[in-house]
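Take a look at the letters that make up each chain.
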Amino acid sequence: MDEELCENIEAAIVQLILALPSNHQADILADWLKTEQVKYPDLSEAFEVWCYRTKSAKRRLLEGSLDRVGNTTLSL
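Procedures and definitions
Residues numbered from 1 in each chain as written. Predicted model: local features only at pLDDT ≥ 70, side-chain atom pairs only at ≥ 80, totals over all residues. Heavy atoms only, no water. Helix = DSSP H or I, 4+ residues; strand = E, 2+ residues; numbered from the N terminus. Contact = heavy atoms within 4.5 Å. Core = buried A, V, L, I, M, F, W, Y, C linked by side-chain atoms within 4.5 Å. Buried < 20%, exposed > 50% of the residue type's maximum accessible area, 1.4 Å probe, protein only.

Undergrad: For the overall build of the protein, give the residues involved together with the corresponding values.
TA: Looking only at helices and strands, the protein features 3 helices and 0 strands. The helix and strand sequence of the protein, counted from the amino end, reads α-α-α. Across the protein, contacts joining residues at least 24 apart in sequence account for 58% of those joining residues at least 6 apart.

Undergrad: Can you lay out the nonpolar core for me, pointing to particular residues and giving the numbers?
TA: Nonpolar side chains in soluble globular proteins tend to be buried together. Core analysis: the largest hydrophobic core is formed by 8 residues, namely Val14, Ile17, Leu18, Leu29, Trp32, Leu43, Ala46 and Trp50. The set of elements that each furnish at least two residues to this core consists of α1 (3-18), α2 (22-34) and α3 (44-70). At 3 residues, the largest contribution of residues to this core is made by α1. Apart from residues no more than four positions distant in its own chain, Leu43 is found in contact with Ile13, Val14, Ile17, Leu29 and Trp32.

Here is the structure:
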């Protein structure tokens, strides 16, 4: 296969993985990281995006929890 075709297939695989729910992405990427042949397909871009999204979601969840604690009022 020529290099451009391989890159297009790899990009399609990455986009497909990123379209899945986060827990499915985690399973696929964990399996990918365990393999000895990590070169193809190169899912490092999908892994980086998944890490960023996971950290962002965790941060939003934490900030939301802190906002609720800070905004609670005592009503009598």
